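Structural overview
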Amino acid sequence: MLFTPGTSQSSNPNKTYQKKRPPNPKDVTDVEHWFEGDGGVVALQFGSLNEEQESGEDSESPSTPTTPLPPSLLLRLRLTRTSGFLNERKLGHKRYSSLEPLRTSPQSTDYNDYPLPFIKHHFLQGLNKKRRNTSNTNIIYWAGKLLTLWEGGLPYKIDPLGLGTSGKSQLGAVLKSSDSFGGSSRYSIATDTMAFYSVEQDPKKSTITVYEFDEDFKLRNGKDNIFGKAGFGGGCEQYEIDGFVIINDLCITKNYYVTTSVGVEIDGLKYNLFKDPKSSIKRLLPFSKIYLLNKMKKEVVSVEVKNDEFGDLRNFQIANSYEDEEGRIIIDGVRSHSDSGVKTRVGNVSEKKLWRYIITNNGQLISAHPILKDSGVCTSFTSVDKRESGIKHSAIYANLGSLGQGIGSIDVSTGLVDSWYPDSKSFCGSPTFVSTPTSSYILTILRTPTESSLLIFKSTSISSGPISTVPLNAKLPHGLHGCWTEQIWGEEEIKRTAKLYDKLESKGQMFNEVKSDFSGLGLRLDDFDEYGF
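Just so it is clear, the model here is predicted, and its values are computed rather than measured. (Residues numbered from 1 in each chain as written. Predicted model: local features only at pLDDT ≥ 70, side-chain atom pairs only at ≥ 80, totals over all residues. Heavy atoms only, no water.)

Another point: the overall build of the protein chain. A tally of regular secondary structure across the protein chain gives 7 helices and 29 strands. Within the protein chain, the fraction of its 533 residues that count as buried is 59%. Expressed as a percentage of contacts within the protein chain between residues at least 6 apart in sequence, the contacts between residues at least 24 apart total 58%. Of the roughly 22300 Å² of accessible surface on the protein chain, a fraction of 49% belongs to carbon and sulfur atoms. (Helix = DSSP H or I, 4+ residues; strand = E, 2+ residues; numbered from the N terminus. Buried < 20%, exposed > 50% of the residue type's maximum accessible area, 1.4 Å probe, protein only. Contact = heavy atoms within 4.5 Å. Areas by Shrake-Rupley, 256 points an atom, 1.4 Å probe, with all protein chains shown as cover.)

This brings us to the packing of aromatic side chains. Evaluated as defined, the whole model comprises 15 aromatic pairs. Consider the rings of Y397 and F433, whose centres lie 5.3 Å apart with planes at 35°: the pair is tilted. Placement of the pair is Y397 in strand 21 (residues 395-400) and F433 in strand 25 (residues 432-435), with a sequence separation of 36 residues. Assigned by exposure class, Y397 and F433 land together as buried. Here a set of aromatic residues connected by ring pairs shows up, and it is made of F181, F196, Y211, F213 and F217. Positioned over the ring face of W355 is R335, at 4.4 Å from the centre of the ring. K386 extends its terminal NZ or CZ atom over the ring of Y187, reaching a point 4.7 Å from the ring centre. (Phe/Tyr/Trp six-rings, centres within 6.5 Å; stacked < 30°, edge-to-face > 60°. Lys NZ or Arg CZ within 6 Å of the ring centre and 35° of its normal.)

What follows concerns the environment of K297. In this structure, K297 sits in the loop between strand 14 (281-294) and strand 15 (300-306). Each C-alpha atom, one on K297 and one on Y256, is 10.0 Å from the other, the two residues being 41 residues apart in sequence.

Before going further, it helps to examine unusual backbone geometry. Despite not being glycine, F217 has its phi angle at roughly 60°, a positive value. Here F217 lies in the loop between strand 10 (205-213) and strand 11 (238-242). Residue classification places F217 among the buried residues on the basis of a relative accessible area of 11%.

Before going further, it helps to spend a moment on the UniProt feature "binding site: Fe cation" (unreviewed entry) in the protein chain. Under the present numbering, the feature "binding site: Fe cation" (unreviewed entry) in UniProt falls on H481. Note that H481 resides in the loop between strand 28 (468-471) and strand 29 (483-484). Taking the relative accessible area as the measure of exposure, H481 reaches 27% and is therefore partly exposed. Excluding its chain neighbours within four sequence positions, the residues that come into contact with H481 are F3, T4, P5, T137, N138, I139, F381 and S430. (UniProt positions renumbered as here; feature names shortened; annotations may be inferred.)

And the structure:
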């Protein structure tokens, strides 16, 4: 089963503010950036389909929950009913505007890749009447739970069969309702665990919390207290770091959690008054930092990386990290080159290249260099074989090209690329690695101006082209990340669950939901967005 989140400017309903149901994607006006677009989930299940799928009469999805396809694939897609989505649709007009000043301001190289408003979300922690959790950044299936993630807000729990939205999740009382949860997760093959993070920032000191869950979704690194190893928002060890830390990714090795941040100096008074990056940031420091968060000692090793002629480590995307035989930490990831850019219809985006950093466990930077032999090849949205996550990896799979149009495999020992590119009007989605007992494959969704298809490549011969192309009979929005699970469900069970969610959503998503978070006040957790807490 392949799950991907849909997060594009087109095929997105949030600019039309329909009160009862989203309109047909063909009739929707564009959204300025994916971080503003309402999220959705696409699910592709391989297997035999013996009966024709049916669609519910009351469906509110942008497409039917099940679409007839060749007898090898079952397609499901549904919009994520976040509280922000429901609020805007109920009001019939736009409500959340915190990104407007940053979007409409002149292009700047001072912060992140424009028009990505990532830095704005770090300055406006928590949710309020101007900021909403669109839950459209990442998706993870772990221990039987399907979660959609967003940088700076609680995850949303999705039913993996009908793709209906169950609401925000505090992961079994591990998270506080106000936690600024991250939009990235990382699997460790060594411990068979999944790690997430949250960050609490202040001009003088920031706190990073890492949550590591086992295969039963129980917290492995929690503190012992009266609630066990969970703790209602206080159950994990925390790492304090001097200064204002801006992170957007996390990786894991045998002894460390690894993350990065660009160096910034913050005006504390203006930050507390305005929470605006244009006025709060005094200056960018001439270095970035890599942080090694020690699992056992609960200590932080800070590694200073001086900015070079290409730029700094802002918006650094980690492909994988591991510790070698000498105890050194190797970090492979995609960094932005600020000296070059690509013009798109939503603004200029810097080119991204794959780099390797080698660090000793006492914080000494030994080496920093590009991985690819062909320095002109751009990379983005990387992944590795899950069986090599957190340990030494042999290859990295990534989108290729300045606009992420192609797809390829990168041999990290030689720096050679095995690539494939579609025609100029088509774009590959993020690559997902899938292994079987006899072979391994790369899955991606190809998007053209009029249709979408699933492409399947042999992981060892991507340049030979897809070994299978399956038309999806639907125009899907562009997705950033995907996840794979070997869990499958029966077709009839999927149909019944999808129809149930259709009927529930047609009557109002929360009409029968138990108000348990603050039952004495009659408030649900999802009401916090609506009431502006």
